[in-house]
Amino acid sequence: MQPNLPAHLEGQEGKREHPRLILHNFISPEECKELEFVHKSCSTVGYRPNVFSTTLSPFRLHSREVEREDGGNVWVWCRGASIGWHSDDNRLYLKQRHFSAVCYLNSYGKVFKGGLFRFQSGEPATVAPSVCVLSQFDQSLNTEFWCVFAQDVIMYTADDRNIHSVDEVDGERLTLAMWFTRDSSHDEDSKLVSRLSQCASSHEFPLPLPASSNMYCLQDEDRSLDVSDQQLVGPIQIAKGGELLTREFTNNVLHALQVVQFCRWKSSELKTSSKVGYDAVEEVKAMSQPQLETVNALNAVFLPDMGLVTTTFGYLCSSGEEKDSLNLADISSGVTCWEEYTCKLLKELLSSLPQWETYQTIHKVASD
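Here the structure is a predicted model, which is why all the values come from computation and not from measurement.

**Focus on helix α2 (residues 189-200)**
An α-helical turn contains 3.6 residues, so any two residues separated by three or four positions project in the same direction. Here α2 is 12 residues long and its end C-alpha atoms lie 16 Å apart, about the 16 Å a rise of 1.5 Å per residue gives. All buried positions along α2 are accounted for by Asp189, Leu192, Val193, Leu196 and Ala200. One face of α2 carries all of its buried residues, which in axial projection span an arc of 100 degrees. α2 presents Arg195 and Gln198 as exposed residues on the side facing more than 90 degrees away from its buried surface.

If you want it as structure tokens, here you go:
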């Protein structure tokens, strides 16, 4: 039995050999940017070369038949990443997957090239997040080309009726991948509610945990860049050019990384914010010669091969669209903004938790 469909598709599902559906405006553009911030703050190396992954809390599909979820991941497919023909339930340990969904978080041709999502059979055969909303005919592919916006989601059955592949990527292709199941034994909500209850019981400010030892590991056939977990723990300061932010991030590098990525996400707001004041400027100092030597030594460890970074993120870095406009004063003031954002999320979590515990489900709780 299939989940409920929009009215205009009712009665057609049984006739389709390759069930597929596009939902427009699945999330907002701002939520796309927020997911990008979360991913760039928390990702680890993925299951394939040149793929980075962030596992998210389970997502719930609003349908009477599909009530359980198998999980969700934000994936960044970097230059060189691809995957051949497969179905999403093609392993014994994946047989609980009944439906798949892919939500695009950035746009083809603007942030990345390649990375087209192709179905082996059925029409339309190719999907890409573009600037148009209607399907069009692609002469080179000799098939209908299904155009979607970043923030749209494509849904399909996870079985062999929808075998698919992803072309090689140039740039950073950012997607939210979700899998749904009807098997109640794979319900993740109760496990997550229990864990959140434990984490929220302290009511302390939620500083990030130490980063995973494989959080950033770039590699190709001949070169690699890896950082051990011991190198990621301890007080961190941020430097740029010949300047140093005197504030220390005492927890770990992930704390500093979240602040920097938050500032990149909110850069336009920070530029116009009145919070960039005297105190923020005072925290920025010129580096001494010993400090410059320390930074150079750290770069030799953490950035021994800038060519590998450029190769991995090449299209994004060379497109000219990425503006490096943040300065250290912006980051200094951004710490307060990040703390306010984090406290707001914690408050929402604590207010929702009682209902989640009562019903053992993760759902949106209306605020008072």
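So, next bit.
**Quick word on the nonpolar core**
Membership of the largest hydrophobic core comes to 20 residues, with the highest contact counts inside it found for Ile238, Leu245, Phe249, Val259, Phe262 and Ile331. Those elements giving two or more residues to this core turn out to be α3 (253-265) and α9 (328-359). Element by element, the count of residues in this core is highest for α9, at 7 residues. In this view, Ile238 contacts Glu243, Leu244, Leu245, Phe249, Ala256, Val260, Leu328 and Ile331; residues no more than four positions away in its chain are not counted.

**Thoughts on the pattern of salt bridges**
Per the counting criterion, the structure on display carries 11 salt bridges. Taking the shortest distance from any N to any O, the salt bridge between Glu36 and Lys40 comes out at 3.2 Å. Pair noted here: Glu36 and Lys40 are both in helix α1 (residues 29-42), with a separation of 4 residues, about one helical turn. Residue Glu172 pairs with Lys40 through a salt bridge whose shortest N-O separation is 3.9 Å. A residue pair is termed long-range when its members are at least 10 positions apart, and Glu172 in the loop between β14 (169-171) and β15 (173-181) and Lys40 in helix α1 qualify at 132 residues. Under the relative-accessibility criterion, Lys40 is labelled buried at 18%. One continuous salt-bridge network, built from bridges that share partners, spans Lys33, Glu36, Lys40 and Glu172.

**Structural notes on the sheet that holds strand β18 (residues 239-240)**
Read from one edge to the other, the open sheet built from 3 strands follows the order β18-β19-β20, with strand pairing classed as antiparallel. Each of the sheet's edge strands pairs with one partner strand only, and the pair in question is β18 and β20 (284-286). Examined bridge by bridge, strand β19 (residues 243-245) and β20 share 3 bridges and lie antiparallel to one another. Residue pairing across strands places Leu245 opposite Val284, the latter belonging to β20.

**Things to note about unusual backbone geometry**
Positioned with a positive phi, Asn50 is a non-glycine residue whose angle comes to about 65 degrees. Following the sequence through the fold, Asn50 ends up in the loop between β2 (44-45) and β3 (51-56). By relative accessible area, Asn50 is classed as partly exposed at 22%. In this model, Gln151 sits at a positive phi of 100 degrees, which is unusual for a non-glycine residue. Counting through the fold element by element, Gln151 comes out in the loop between β11 (143-148) and β12 (153-157).

**Re α3**
Spanning 13 residues, α3 covers 18 Å between terminal C-alpha atoms, matching the ideal 18 Å at 1.5 Å per step. Taking burial as the measure, the 13 residues of α3 include 10 buried ones, the bulk of the element. Burial in α3 covers these residues: Leu254, His255, Ala256, Leu257, Gln258, Val259, Gln261, Phe262, Cys263 and Trp265. The inward-facing, buried residues of α3 contact α1, α4 (267-272) and α9.

**Focus on the packing of α3 against α9**
One way to put it is that α3 packs onto α9 with a least axis distance of 9 Å and a crossing angle of 100 degrees. With respect to each other, α3 and α9 are oriented roughly perpendicular. Judged by residue contacts, His255, Gln258, Val259, Val260, Phe262, Cys263 and Trp265 of α3 engage Asp330, Ile331, Gly334, Val335, Cys337, Trp338 and Tyr341 from α9. Tallied by class, residues from the contact of α3 with α9 come to 10 nonpolar, 3 polar and 1 charged.

**A few points about the pairing of β3**
Burial analysis of β3 places 5 of its 6 residues in the buried class, the great majority of the element. Relative to β3, β2 runs antiparallel, the two sharing 2 bridges. Each residue of the ladder has a partner; that of Thr44, found in β3, is Ser53. Once β2 ends, the chain turns through 5 residues before running back antiparallel as β3, passing Asn50 with a positive phi of about 65 degrees.

Calculation notes
- Residues numbered from 1 in each chain as written.
- Predicted model: local features only at pLDDT ≥ 70, side-chain atom pairs only at ≥ 80, totals over all residues.
- Heavy atoms only, no water.
- Helix = DSSP H or I, 4+ residues; strand = E, 2+ residues; numbered from the N terminus.
- Expected span 1.5 Å × (residues − 1).
- Buried < 20%, exposed > 50% of the residue type's maximum accessible area, 1.4 Å probe, protein only.
- Arc of directions from axis to C-beta.
- Core = buried A, V, L, I, M, F, W, Y, C linked by side-chain atoms within 4.5 Å.
- Contact = heavy atoms within 4.5 Å.
- Salt bridge = Lys/Arg side-chain N within 4 Å of Asp/Glu carboxyl O.
- Pairing = 2+ DSSP bridges.
- Axes fitted to C-alpha atoms, helices over the stretch in contact; angles between N-to-C directions.
- Parallel < 35°, antiparallel > 145°, perpendicular 65-115°, else oblique.
- Nonpolar A, V, L, I, M, F, W, Y, C, P; charged D, E, K, R; others polar.

So far we have only geometry, and geometry alone does not tell us how the molecule works.
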